[in-house]
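Summary of structural features
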Amino acid sequence: MWQTKSLICQARALERTWTTRTSLRSTNHSQMAVADLILNFWTSWFNIDHPGGNGDYERLEAIRFYYRERVCARPTAMEARTTDWVAAADTGEVVHSSLEKGFWCINKEQPYGRICSNYHVRFQCPPGSSDESTKWSPWGRWGTCSATCGGGRRIRRRTCVRSSMTVQCVGRPVEIQKCGKSPCPGTRVCTEGHPSEDCSRCVCDSHVLVGEVYSVTGVPVAGARVALANRPKIIRARTNVKGQFRLPGICSSSSTLLSIRKEKFAPADVSTSSNTTGLSWVRAVLKSAEKPYIVKHPEDKVRYEGGRVLLCCKATGSPTPDKYYWYHNGTLLDRKLYKYEEDLVLRSLKPEQSGEYHCKASSSAGSIKSTPALLTVIAKGTPACNSTPETHLVRLPMDCFQPGTGSKFYNAGRCPHNKCAGSLDFDMRCRDGAGFCCGVKSMESRTIDCGTYSLPIRAVTECGCQKCVEPTVLVRGRVVTADNNEPLRFGHIYIGRERVGTTGYQGGFTLQITPDTQRLVVNFVDPTQKFIDTPKVFIFDKRGGSIYHDVKVMRKQIPIDINAGETNTIDLGEIKGEDPIGQLVIPPNSFHKENGEIYEGTVKASVTFIDPRNITTAAAAPGDLNFVDAEGDMLPLRTYGMFSVDFRDDTNKEVLGAGAVQVLLDTQHVKMQEHIPAMKLWSLNPDTGVWEEESDFTYTQTTTGGHGRSKREERTFLIGNMEIRERRLFNLDVPENRRCYVKVRAYMSDKFLSTEQLEGVVITLINLEPKPGYSSNPRAWGRFDSVITGPNGACLPAFCDAQRPDAYTAYVTAMMGGEELEAAPSSPKMNPNIIGVSQPYLDKIDYQRSDHEDPALKKTAFRINLAKPNSNNLDETNGPIYPYQSLIACENAPVDANHFRFFRVEKDKYEYNVVPFQENDLTTWTGDYLSWWPNPQEFRACFIKVRIHGQKEVMVRSKNMGGTHRETKGKLYGIRDIRSTRDMREANTSAACVEFKCSGMLFDQAEVDRSLISILPQGNCRRISTNNLLQEYLTKHPPTAQNNESHAFTMLAPVDPLGHNYGIYTVTDQNPRVAKEIAIGRCFDGTSDGFSREMKSDSGVALTYSCPERKISRESLFQRLQTNPGQTLSQMARAMREMEGLQVQRSATQVVAYPSEQRGRTQTRRVSSTNRRRATTRTQQRQ
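The name given to the chain in an unreviewed UniProt entry is Cartilage intermediate layer protein 2, with Myripristis murdjan as the source organism. Its UniProt record gives the chain a comment under Subcellular location (unreviewed entry), which states: "Secreted, Extracellular space, Extracellular matrix".

What follows is the structure in structure tokens.
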């Protein structure tokens, strides 16, 4: 039969037309004009990628990275060929090229299951871009193809033009190209076997292809579909329970490409291997399917009208996403019109193209959306930035009273830190580098009249478009166990699959975040295996600064011994007196080794369950309880418990996998009946921090003895099936759609001033259910979220209910740099003006601070009912709880709208900078000689410890002026006020850690300034001792400041970072707040490496003052008015006239220590003594 088919195919071949095979002739191009060769030159060939994986990517950006000096900045042309010297246009493959991006070929786009060829590329550059002394002439014309069908070849040539016979051109002078590739009608010549009925392939009846399919953990994959890669829809075979299949008729003379697919696995294409025994074989390994995950998000950009912009998007996953969609303000852009793939290029921009752009990446496993990027197109004639500064009120010192207004604030102005269109060196990058932002263009020096003295300030007068300040973004924290705060010592830290660091001995860690990071997923792994691996999704502040995270991890359960040959049941949840939430049921012979071999023997099984009925475990929950739906949107989950499994061989501790495991969930713990049909089993992807669906649940009933029950009873369970393929965490969750936002603000003090809001505070909200017996779940946590406060507070997502106000409750905390903030008080009675929420909504929310019922408890949290606002009730439309669709209204809510409040608990403290700077927003830094912090990338904090002997705590001021630099000498940097802290161990003693301006380079990094520092305690204080080491250092490092006054201490600040032995504490960090917190902790402790919140006044002191209370030795004004009112009033009038004369004669600008008190007291004493002398003289004259 096969002989007849072969004759038919040969007969059809006679109908084709052959072309006469001609000899291949070359064309000599040596007569090319040399002038043409000088105009442009070609680079050498580059090949930095191979066609494995997704395809062949010869990206220009990557080529420049490896061969920076060999590619010009702006190539004028590009040529791509395969390594067989076939031009890209003649390969028949789908390829892409761009002078801005390079050349790429994607395997998924190729017809008939082919993969891309291995390409190399070269670029044409204008003259003057290289020093090469050899050049190729242009290619000659292609010769005639050797055949019109069935496959032929053609040749073209070129010559090498060189300046010397000692150099050679790189590359080949001859290029061969396949041609005539169209099949000849009816032809199929088989070197083995016979043609198939449609002549599409060769069939070998006596040959069998044997294959096996495994997962990455070595488990056989049953039910996988096997097909030929060029015809993937025609299923040729399926794998059996052992993962094996047989495919007859496959010839062994050439490799055959197979396509293997299975649900929940990424499809794989594999090639066969053959031998001479009549069998071919193949072994395929399938990876678990993973939904796409965005690794490169589009970034905000600003362009002028008529310009162009490149928006980039890239996603990973298994399989790799093969489709990208771009949206403008939620509307899908036409692919044919914009011709985009993962990157979107917009040219000839118009103002109406401004708005938000986001991409969606899709694969067979799902979709994902990127975060939106804001594109701003500035119309012609419109300035890039508003030159008029915004209002920025600076708080003045406590003793500064401006005459006429009495205001405690001064408008110093500031520039909005938004991006603007600057002069980029290249406008088609995914990220514009530092980019341009609206910043300070000019400042002027002004003088603030404080009544008794003057204060200098640098005020912003004009804003302009300048290069953005690139602050360092840090994430810090400490990793400890949830049960007893044992630190994770020397734990491994991973971002994705890359290890980026190690925790310290106390569990501390610091991570520097790249500027393009949108979502930070960090995995903490304990090498000793005492704790479970814990992925965390960290929030961070892109404006710079350091966010502190207190990371909790769960201790692994002690392993138990189970028999792999028996059915094993392990309870999930161990709350005393309550039933487990669920069970793990492991059938016999389910355990297997990494190579797929069934394990028989004793298994060390450790199952750690994070029980939501225990609120202390909420902080240890991994990920952020979000999943991605079919449209690519990230949505929240509500958990009923999470568990981590660890199965190991009893002998060699090898990690074991388990297949066909059942998860049972007891429905008695699901009080919301609508949650039961929506319940799913999820697993956490440790690389992305996103929960991925494992399986649905089905109903079953079983008879079991309850925990503490005297009889057995029938109970209903939800059963989910899963396979433990990797070391993941698993979750019993339901998607929840009853969502709201909660508005929270943080303040500098309990005065709750709108101008003193704190940014960079981490607000955490834990969703709770209140009490058993409600329609909701019993008291348990179901979700947690964290958000960082910005200039207008923070909006936290939460679950809420419109029917019952107390169906959902929330527990809210705030932390700033490891310090807990206090919540607004709710006792002895609720005050709407303090809490920030008006009545009657406040009663409905039932606000209670954590110490509401027990004053001994901490004051750092509050609990509320999450009552969804009624849109028809005017009292509930102004916050603090907003419907989920009103996020923008929540984020833009005015400061007088309802909101919840936290405040920082501090002693009296004040900081004044002549050049205003917000330490919680590093982008507000301004380069000026009088800037307190001269370098926005590195911040050095300096403190001096001052001990006070006296019954009362006193204010201590540091006056900081330029000392030796020609630009700042005699000029004020700033002042710092701090009230001393009582030493609880020593009577009548307190101490203050006073910040001062460090000596060092100024912002121009040209010359060192030894800052002139004056330490000035308030009131009746006298310096009684100075640290000997500090005094000796200052003497040996001239110039030396004069110290003629006993109440003050003056020094030129040391350049060296002195330690506690000198009473000086210096810390350098990439964030100013962190540097100051560490330095203050060391100062309180009196050591150079310790940390304390309790003042130790006997350690590490620089200065000691005696501040006794002044005794009253004369009558008060009230007493004198009672005894002799006429004389007293006349003395007061005379004193006021003399005071006016003194004020006219007083000197100009100066800053003194608390002048309104000290100078007033001195002048009053002088005038009073004068009046007494005059009164005595008059009395004598009368006599």
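Back to the write-up after that little detour.
Quick notes on the nonpolar core
Buried together is how nonpolar side chains tend to be arranged in soluble globular proteins. Core analysis: the biggest nonpolar cluster contains 44 residues, and L396, I448, L455, Y912, W933, F943 and L972 have the highest contact counts within it. Contributions of two or more residues to this core are made by strand 32 (436–449), strand 33 (454–467), strand 64 (909–913), strand 65 (939–949), strand 67 (972–979), strand 69 (989–996), strand 75 (1064–1069) and helix 9 (1072–1085). For this core, the element with the most residues is helix 9, which contributes five residues. By size, the runner-up hydrophobic cluster in this structure holds 36 residues, among which are L758, A810, L821 and I881.

Examining the sheet that holds strand 13 (residues 225–228)
Strands sit in the order 14-13-16-17 across an open sheet of four strands; the sheet is antiparallel. In this open sheet, the two edge strands, each paired with only one partner strand, are strand 14 (237–238) and strand 17 (268–271). As defined by bridge partners, strand 13 adjoins strand 14 across two bridges and the pair is classed as antiparallel. Bridged to R225 within strand 14 is R238.

Some words on the pairing of strand 12 (residues 202–215)
As paired strands, strand 11 (residues 194–195) and strand 12 are joined by two bridges and run antiparallel to one another. The residue bridging H194 from the neighbouring strand is V203, located in strand 12. Note: strand 12 against strand 15 (residues 244–249), six bridges, orientation antiparallel. Its bridge partner being in strand 15, E212 is matched across the sheet by Q244. With eight bridges joining them, strand 12 and strand 19 (residues 279–286) adopt parallel strand pairing. Residue pairing for strand 19: L209 is matched across the bridge by S280.

Cut-off values and rules
- Residues numbered from 1 in each chain as written.
- Predicted model: local features only at pLDDT ≥ 70, side-chain atom pairs only at ≥ 80, totals over all residues.
- Heavy atoms only, no water.
- UniProt positions renumbered as here; feature names shortened; annotations may be inferred.
- Core = buried A, V, L, I, M, F, W, Y, C linked by side-chain atoms within 4.5 Å.
- Buried < 20%, exposed > 50% of the residue type's maximum accessible area, 1.4 Å probe, protein only.
- Helix = DSSP H or I, 4+ residues; strand = E, 2+ residues; numbered from the N terminus.
- Pairing = 2+ DSSP bridges.

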